[in-house]
Amino acid sequence: MADSFATTNRFFDNKHYPRGFSRHGDFTIKEATLLERHGFAFNELDLAKREPVTEEERLFIEVCRGIREPQTEAERVWSKYTARIKRPKRFHTLSGGKPQMDSVEDYSDSED
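Predicted model, so just to flag it, every value in this text is computed and none were measured. (Residues numbered from 1 in each chain as written. Predicted model: local features only at pLDDT ≥ 70, side-chain atom pairs only at ≥ 80, totals over all residues. Heavy atoms only, no water.)

Undergrad: Hey, could you run me through helix α3 (residues 55-64) in this one?
TA: Owing to its 3.6 residues per turn, the α-helix brings residues three or four apart onto one side. Every buried residue of α3 is listed here: Glu-57, Phe-60, Ile-61, Glu-62 and Val-63. Those residues of α3 hidden inside the fold are in contact with α2 (29-46) and α4 (73-86). Phi turns positive one or two residues past the end of α3, at Gly-66, with a value near 85°. (Buried < 20%, exposed > 50% of the residue type's maximum accessible area, 1.4 Å probe, protein only. Helix = DSSP H or I, 4+ residues; strand = E, 2+ residues; numbered from the N terminus. Contact = heavy atoms within 4.5 Å.)

Undergrad: Help me understand the pattern of salt bridges in this model?
TA: Oppositely charged side chains may form a pair once their charged atoms are brought near each other. Scanning the model with the defined rule gives nine salt bridges in all. For the salt bridge of Asp-26 with Arg-84, the shortest nitrogen-to-oxygen distance reads 3.8 Å. Placement of the pair is Asp-26 in the loop between α1 (21-24) and α2 and Arg-84 in helix α4, with a sequence separation of 58 residues. Judged by its relative accessible area of 14%, Asp-26 falls in the buried class. Between Lys-80 and Glu-31 there is a salt bridge, with its nearest N and O atoms 2.8 Å apart. Here Lys-80 is found in helix α4, whereas its partner Glu-31 is found in helix α2, with 49 residues between them in sequence. Salt bridges sharing partners connect three or more residues here, namely Glu-55, Arg-58, Glu-62, Arg-68 and Glu-75. (Salt bridge = Lys/Arg side-chain N within 4 Å of Asp/Glu carboxyl O.)

Undergrad: I keep staring at the side chain of Glu-75 and nothing clicks. Help me out?
TA: Topologically, Glu-75 is positioned in helix α4. Separated by 2.7 Å, the side chain of Glu-75 and the backbone nitrogen of Gln-71 make a polar contact. Within the local environment of Glu-75, its side chain forms a polar contact with the backbone nitrogen of Thr-72, the two atoms lying 3.1 Å apart. Not counting the four nearest positions on each side in its chain, Glu-75 is found in contact with Leu-59, Phe-60, Val-63, Arg-68, Glu-69 and Pro-70. (Polar contact = N/O pair within 3.5 Å; in protein donor to acceptor, adjacent residues only side chain to side chain.)

Undergrad: Would you explain the packing of aromatic side chains in this entry?
TA: To describe a pair of aromatic rings, one takes the distance between the centres and the angle between the planes. Tallying each qualifying case throughout the model produces 13 aromatic pairs. Seen from their ring centres, Phe-5 and Phe-60 are 5.2 Å apart, and the 70° between their planes marks the pair as edge-to-face. Within this pair, whereas Phe-5 is found in the segment before α1, its partner Phe-60 is found in helix α3, the two being separated by 55 residues in sequence. Of the residues examined, Phe-60 reaches a relative accessible area of 1% and is grouped as buried. With centroids separated by 5.0 Å and ring planes inclined at 25°, the aromatic side chains of Phe-42 and Phe-60 adopt a geometry described as stacked. Here Phe-60 lies in helix α3 and Phe-42 lies in helix α2, a separation of 18 residues in the sequence. Aromatic ring contacts, followed pair by pair, group Phe-5, Phe-11, Tyr-17, Phe-21, Phe-27, Phe-42, Phe-60, Trp-78 and Tyr-81 into a single cluster. (Phe/Tyr/Trp six-rings, centres within 6.5 Å; stacked < 30°, edge-to-face > 60°.)

Undergrad: Help me understand α4 in this model?
TA: With 14 residues, α4 extends 20 Å from end C-alpha to end C-alpha; this agrees with the ideal 20 Å at 1.5 Å per step. For α4, every residue scored as buried is listed here: Ala-74, Glu-75, Val-77, Trp-78, Tyr-81 and Thr-82. Seen along its axis, α4 keeps its buried residues to an arc of 165°; they face one direction. Lining the buried residues of α4 we find α1, α2 and α3. (Expected span 1.5 Å × (residues − 1). Arc of directions from axis to C-beta.)

These results come straight from atomic positions and should not be treated as a statement about function.
Here it is as structure tokens:
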């Protein structure tokens, strides 16, 4: 992986992980470090903004397209990241049930 995924930019996702990958709890420290160091290159390869330079990068693109299952650590981490950002956000309430409607009493002036 020395020649693969080379980039000088750090990768951050402030929309889904505003406090960083390692502080959110979805990734191990090793995975978070890998995302921060090489995530910019992973993203560019996934979005086809960058052409693959090595065989490892070409295989990475096949994983991104769903042609094959992830084999390397980089492929597994990027697959995990994309799965996490595509899932619906969970919303927790304290009520435990459906929202209740306020009861509205119908008042009329006529005396029936």
